[in-house]
Amino acid sequence: MATVLAIETSCDETAVAIVNNRLLRSSIIASQIPVHSRYGGVVPEVASRQHLETINEAIAQAMEQAQLDWGEIDGIAATCAPGLVGALLVGLTAAKTLAMLHNKPFLGVHHLEGHIYATYLSEPKLEPPFLSLLVSGGHTSLIYVNDCGDYKTLGETRDDAAGEAFDKVARLLQLGYPGGPIIDRLAQQGNPQAFSLPEGKVSLPSGGYHPYDASFSGLKTAVLRLVQQLEKQQQPVPVKDVAASFQDTVARSLTKRAIACALNYGLDTIAVGGGVAANSGLRQHLQTAAAAHNLRVLFPPLKFCTDNAAMIGCAAADHLNRGHTSPLTLSVQSRLGLTDVMQLYH
Ligand code: KG4
Ligand code: ZN
């Protein structure tokens, strides 16, 4: 029953948490969104600098909130891949330093494995196998979760990730950053049937379409064309209806693929993770479709959908319980497949 202090700095949140197995003891999330939003997206150099300025205070606050001393911590973990290299380095270096200083095991954690583990924080009795629908700013995949560290990718996006599509469409509608929560809010006041948009099917060389792979770049272009056409005709852009139609198309596309995948692989549970798991349209579509097929669908609470360190600690605790630790020579990687996570451990 390992207690782990975990650090997450892969993108624009400086987060530190303490987790005992699947039980949260403390969680600090310092968001950099106000800093980056004036640039319309994350600026990597600015992100690294912000992490550096915030990390020590976040660690102190996490220790204080958990009311633990270093003697009660069994391991120190940090996200080491994938993500922004400079940003990852800040968290990883802090974790290695703490591990050396307090003579504790050190673990590097794959960010997407963390998003899978977010579900366990609210569903501690959940056990594999189950299907994970990972929908974040950088990734969109359907993963067969067989065991800790044992994953198979069954489907993925061929181009933009779902969150990336939300952010790009928000940018072209001049709504601000990050786009997902803004589009979600506007979509709730719009008509999802106002515009018919393409779902983005992926053709197979043998004919037909891939049952689980998705594509969102065509959808983004279709929204751009729609906006350009309305502007050319000097008509106002009905932003709420565009947002609702776009969101509905993404939600239907993800739902269709996740349900087909779970049924074909005989999995009765779909655990959703990543920032787009917070989306109200996706939640509604997936819950309705899952109920119709007698499947269980689990969404983490909103604060564990977007980036946080609790999910990283939860994954690290499971690895540590199994005797997995990382060498102090472990470095960060901007890209690393989820199927390669066991490379991170002795
Ligand atoms: O998981 P996450 O915090 O960071 C990555 O690992 O990428 O996901 C961030 C992404 C952003 O693209 C953001 O726009 C999207 O999640 N997002 C949402 C919502 N909340 C965050 N997308 C749709 N609806 C939301 N409510
Ligand atoms: Zn993430």
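For the structure itself, look to the data block above.
So, here's what we can say about the structure. (Residues numbered from 1 in each chain as written. Chains lettered and ligands numbered in written order. Predicted model: local features only at pLDDT ≥ 70, side-chain atom pairs only at ≥ 80, totals over all residues. Heavy atoms only, no water.)

Focus on the pattern of salt bridges
Summed over the entire model, instances satisfying the criterion amount to 10 salt bridges. Note that Arg22 is salt-bridged to Glu127, the shortest N-O span being 3.7 Å. Taken together, the residues Arg22 in the loop between β2 (13-20) and β3 (23-31) and Glu127 in the loop between α4 (111-122) and β6 (130-135) connect sequence positions 105 residues apart. Here Arg22 falls in the buried class, since its relative accessible area comes to 18%. For Glu127, a relative accessible area of 49% gives the class partly exposed. (Salt bridge = Lys/Arg side-chain N within 4 Å of Asp/Glu carboxyl O. Helix = DSSP H or I, 4+ residues; strand = E, 2+ residues; numbered from the N terminus. Buried < 20%, exposed > 50% of the residue type's maximum accessible area, 1.4 Å probe, protein only.)

Topic: the pairing of β2
Burial of β2 is extensive: eight of the eight residues sit out of reach of the surface. Side chains of β2 alternate between two faces, with Glu13, Ala15, Ala17 and Val19 and Thr14, Val16, Ile18 and Asn20 buried alike. Strand direction decides the pairing type here: strand β1 (residues 3-8) and β2, joined by six bridges, are antiparallel. Considered in β2, the bridge of Thr3 is made with Asn20. Between β1 and the antiparallel strand that follows it, β2, lie four residues. (Pairing = 2+ DSSP bridges.)

Quick notes on the sheet that holds strand β9 (residues 269-273)
Strand order in the open sheet formed by five strands is β8-β7-β6-β9-β10, with mixed pairing between adjacent strands. The two strands at the open ends of the sheet, each matched to only one other strand, are β8 (150-156) and β10 (296-298). Taking the axes of each pair of neighbouring strands and ignoring which way they run, one obtains an average angle of 25° across the sheet. The pairing of β6 with strand β7 (residues 140-147) spans six bridges and is classified as antiparallel. Counterpart to Leu133 in the pairing with β7 is Leu142. The strands touched by helix α8 (residues 239-264) within the sheet are β6, β7, β8 and β9, with β6 carrying the most contacts at an inclination of about 160°. Packing of helix α9 (residues 280-292) onto the sheet brings it into contact with β6, β9 and β10, and relative to β10 it is tilted by some 160°. (Axes fitted to C-alpha atoms, helices over the stretch in contact; angles between N-to-C directions. Contact = heavy atoms within 4.5 Å.)

Let's talk about the packing of α4 against helix α10 (residues 310-321)
Here α4 crosses α10 at 90°, and the two axes come no closer than 7 Å. Between α4 and α10, the angle is such that the two are roughly perpendicular. Packed against α4, whose contacting residues are His111, Glu113, Gly114, His115, Tyr117, Ala118, Tyr120 and Leu121, the element α10 presents Ala310, Met311, Ile312, Cys314, Ala315, Asp318 and His319 at the interface. Across the contact of α4 with α10, the residue classes tally to nine nonpolar, four polar and two charged. (Parallel < 35°, antiparallel > 145°, perpendicular 65-115°, else oblique. Nonpolar A, V, L, I, M, F, W, Y, C, P; charged D, E, K, R; others polar.)

Describing the sheet that holds β1
Read across the sheet, five strands follow the order β3-β2-β1-β4-β5 without closing on themselves; strand pairing throughout is mixed. Looking along the sheet, the strands with just one partner apiece sit at the ends: β3 and β5 (106-110). Along the sheet, successive strands turn relative to each other by an average axial angle of 20°, direction set aside. As defined by bridge partners, β1 adjoins strand β4 (residues 75-81) across four bridges and the pair is classed as parallel. Bridge pairing links Val4 to Gly75 in β4. Its contacts with the sheet place α4 against β1, β4 and β5, and it is angled at close to 85° to β5.

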